[in-house]
Amino acid sequence: AAAAAAAAAVCTSMPRGRTFGRRPGHAGRGGRGRGNDEEGRFEPKAPKQERDHDDLNETKFGKRQEKIKELGLGGFGKEIRFLEDDPLDGLLTGMSGIWSDDDDDTKGGPSRAAGPVGKGEKAGGWLGLGAASKVDMVADFRSIPRAEGDGSGAGPSSSRFPMPEGVELLGAEAALEEQEDGSQALLVPEGSFLKLQLQASPWVLAEDGRLHEYSLVLAMRLEALPPAPLPLFHGGAPPPQGERVESVQLFKNGGVGALSDMGTQEAAAHAERWNWIVVTRKPGELLTYVDGRLCASVKLEAPKKDKEEAKKAEEEAQGGGEDKAAGPKPQLQEKFVIDPQFLALFAVEDAAAGREGPLAPGLCVKYLRLTSKVWTEEEVREELHKVRSADEEEEVRSAAKTSAAEQLSLQPLYARPPPVWLHPAFGAEFCDPFIAQSPLEESSLHVSLEVLALALDAMLHESGPGQQLSHAARSALNTAAAQLKDARKLAHKLAHARKGGGQERSFFSAVAKAFDELQPSGVLLLPWDGEVPLLLVVRRGALPDADRCSVAVVNPSRAGTTSYHVADGRAPPKVKYGTALEIGDVPLSRLADEAWWVVFWFGVTVPAAEAAAGRLKRGPLAVLYEVLLPYLAGDSLDRAIAKWEATARRRGLAPLPARTLRRSDSGHYGCCRHALRYLLVRQGVSEEECRRASLLLRLQMFSLARHDLQFVQRLDQAERTVLQLARRQLAHKAAKLG
């Protein structure tokens, strides 16, 4: 067959990697299938690659539906709208994201999830008291405009620009230098230094009036590394002439540390580039970071009194407090604690004036931040990622990733898509037996519908593999793809309704509208994404039987299927099931009855755990199979199935094939695939043609992966395993088709 030959050619052209051997005793296990299903089981573990893509459960289509829901437009949520206490606040909350693109959240913009500030709550905390419990001073020189009349050259622009609050340059006139990306940086000439003055409440200061716990961010650049240690700060004002103090320093090898600890070489600062230095301090420890990497870990000891001071303190204690009038004794100064009234940065001692050349040649600063929160290493990386500008190496790499992401196959669905093999739909298509309890089985029905619709569109393109099918099969496949696309909107509305917030009525209104618009001989797919994903396929009868319909419950998961669906054990040890349970001659009025849907909503959403514990008479699936479906048929479920099978044979309808159940928790995608096969069979497509279409769909999914391989820099072992499993499963399916 042409389809099998094409699949075999693609598989043999893939690069070969590590292969799998069979695990001892694995072959011959019941229910595992043949061929590659008997290979070694893929160890489920999350890929080590950093997540640089969007949440896979939130597609662009879903975000648009969310915006429509919040505005109450387009019929989504139009009938019922629940606003906050103030109607105007609720309306503004709903309109907060309509003017931005779908990928606004990926660009650092404000998140709508935070919502408006609550009543009686101010930006600094509850009733403004939050500012009293923290310090957070930011000085960002990048966005300060150049002074008028300075021209547009790259040289420094002299003063007359507003310095950030609490920051002064002493010893020289402040000047800005324009950077290559158009931003500004503050020049710190030799002999000058920066003075920081904090707005700190006594709540955050220690007994000595200083800040003992903090995180300091400093973005600086030097034309060359200093010939001697460059003091960054020691915690207070510059020391008097001739007095030496211990400081946090930038050493001549690029290390950032203190107390002779220069840190590690791999985290050293470099000349002629921007270095983002972070210093965190807490009692007993001072840590330094360069560009998010830990450089030095300095242990701090509490100050100790010398012997004479200790003896004097003991005598005063024994004397009964004779010297109380003298007031409190001065406390010993801890190292690197910050004086909120005067913190000097880059204050060079005069004793170093005899060195060769300047100590800080071409020193520029473009960002400062001092906060009373002590960041962890992960928080340091997160905070640096938020404030770094586009001219730095990390942001250049991010821009390259963004450019590559625009070429990835799933770009129509996500602003920042992952490679297709990292999507759960890909894992469910090729690796179902091997992805149990791994991230590749975690998804939802509305997302799987979108991915399958995307693959079908590419398959049916004039240059896609679907052209190998007959015209009748292509026509049926195109019709089925359109019906699956129509189910997307209902699936997204169901997802919003399942989250609560009073959107249940909106979902029911959409279902009622879909029934009103269902034409004779039309098909309607009704999704349900509960503990067990389901698809109800309603096929309305043709005239003059348009008042009746058939209902198929598509359930490829083991839950419910093994108890209610027909089993087929003719190919032992594998047992297949009729994953599409169909009943017919159902009055359309019964299915469109609001009471039926109310029972469905509350009955199928009951917790399965409560039913298993015996606190409920029926579980969620039992309500569907034992109550709701018999009501539609007007008979018991077994008799209704038998009657419809006999009627279908008389009408010349092909019998529904038995299928293998899902081995992992990927029923969200299995519903879509099995519903597609059901739709093709009911449109008269032969079993052989259905198998060819299934093979070509896998070939299309595999081609998406081959396309995405051109735009990724590396693969870890888990990703290689997924791709090799996909290649082998595709070859196995082609070989079975012959």
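Located above this text is the structure these notes cover.
Here goes a summary of the coordinates provided. Here the structure is a predicted model, which is why all the values come from computation and not from measurement.

1. Points about the environment of K195
Tracing the backbone shows K195 in strand β8 (residues 193-196). Residue classification places K195 among the buried residues on the basis of a relative accessible area of 17%. It is 4.8 Å that separates the C-alpha atoms of K195 and A344, two residues lying 149 residues apart in sequence.

2. What to know about the sheet that holds strand β11 (residues 248-250)
With antiparallel pairing, three strands are arranged side by side in an open sheet as β10-β11-β12. Strands at the two margins of the open sheet, each flanked by one partner only, are β10 (230-233) and β12 (256-257). The pairing of β11 with β12 spans two bridges and is classified as antiparallel. Across the sheet, residue L250 finds its bridge partner in β12, namely V256.

3. Digging into the side chain of R662
With respect to the element layout, R662 can be found in the loop between α16 (637-650) and α17 (667-682). A distance of 2.5 Å separates a polar side-chain atom of R662 from the backbone oxygen of A428. Once you skip the residues sitting within four places of it in the chain, R662 turns out to touch A428, E429, D432, P556, R558, G667, Y669 and G670.

4. Some points on the sheet that holds strand β18 (residues 523-529)
The strand order across the open sheet formed by four strands is β18-β19-β20-β23, and the pairing between neighbours is antiparallel. At either end of the open sheet lies a strand with only one pairing partner, and these are β18 and β23 (580-587). Taking each pair of neighbouring strands and ignoring which way they run, the sheet shows an average axis angle of 20 degrees. Where strand β20 (residues 548-554) and β23 come together, six bridges link them in antiparallel fashion. The residue of β23 that forms the bridge with V553 is L581. Packed on one face of the sheet, α17 meets β18, β19 (533-540), β20 and β23 and runs near 20 degrees to β19.

5. Focus on the nonpolar core
Grouped together as the largest cluster of nonpolar side chains are 66 residues, with contacts concentrated most on W421, F426, F430, L456, L477, L676 and L680. Elements with a minimum of two residues in this core: α7 (424-430), α8 (445-459), α9 (471-498), β19, β20, α17, α18 (687-708) and α19 (717-737). For this core, the element with the highest residue contribution is α18, accounting for 10 residues. Beyond its immediate sequence surroundings of up to four residues, L676 is in contact with L456, L477, A480, L484 and L697. Judged by nonpolar contacts, the second largest core, of 51 residues, contains A139, V204, L205 and M220.

6. A few points about helix α15 (residues 620-633)
Taking 1.5 Å as the rise per residue, α15 with 14 residues should run 20 Å; its terminal C-alpha atoms sit 19 Å apart, in good agreement. Here α15 lies mainly inside the structure; 10 of its 14 residues are buried. If you check which residues of α15 are buried, you get P620, L621, A622, V623, L624, Y625, L628, L629, P630 and L632. Just downstream of α15, G634 is the residue with a positive phi angle, here 70 degrees.

7. Observations concerning the packing of α8 against α18
Interaxial distance between α8 and α18 falls to 9 Å at its minimum, and their mutual angle equals 100 degrees. By the angle between their directions, the pair α8 and α18 is classed as roughly perpendicular. For the pair α8 and α18, the contacting residues are L452, A455, L456, A458 and M459 in the first and A693, L696, L697, Q700 and M701 in the second.

8. Focus on the packing of aromatic side chains
According to the stated counting rule, one finds 15 aromatic pairs in the structure shown. Geometrically, the ring pair formed by F426 and F430 is tilted, given 4.8 Å between the ring centres and 45 degrees between the ring planes. With F426 and F430 both in helix α7 and four residues apart, this pair spans about one turn of that helix. F430 sits in the buried class, given a relative accessible area of 1%. Both rings, one in F507 and one in F508, keep their centres 5.7 Å apart while their planes meet at 50 degrees; by these two values the pair is tilted. Residue F507 is classed as buried on the basis of its relative accessible area, which comes to 3%. The class for F508 is partly exposed, based on a relative accessible area of 24%.

About the thresholds
Residues numbered from 1 in each chain as written. Predicted model: local features only at pLDDT ≥ 70, side-chain atom pairs only at ≥ 80, totals over all residues. Heavy atoms only, no water. Helix = DSSP H or I, 4+ residues; strand = E, 2+ residues; numbered from the N terminus. Buried < 20%, exposed > 50% of the residue type's maximum accessible area, 1.4 Å probe, protein only. Pairing = 2+ DSSP bridges. Polar contact = N/O pair within 3.5 Å; in protein donor to acceptor, adjacent residues only side chain to side chain. Contact = heavy atoms within 4.5 Å. Axes fitted to C-alpha atoms, helices over the stretch in contact; angles between N-to-C directions. Core = buried A, V, L, I, M, F, W, Y, C linked by side-chain atoms within 4.5 Å. Expected span 1.5 Å × (residues − 1). Parallel < 35°, antiparallel > 145°, perpendicular 65-115°, else oblique. Phe/Tyr/Trp six-rings, centres within 6.5 Å; stacked < 30°, edge-to-face > 60°.

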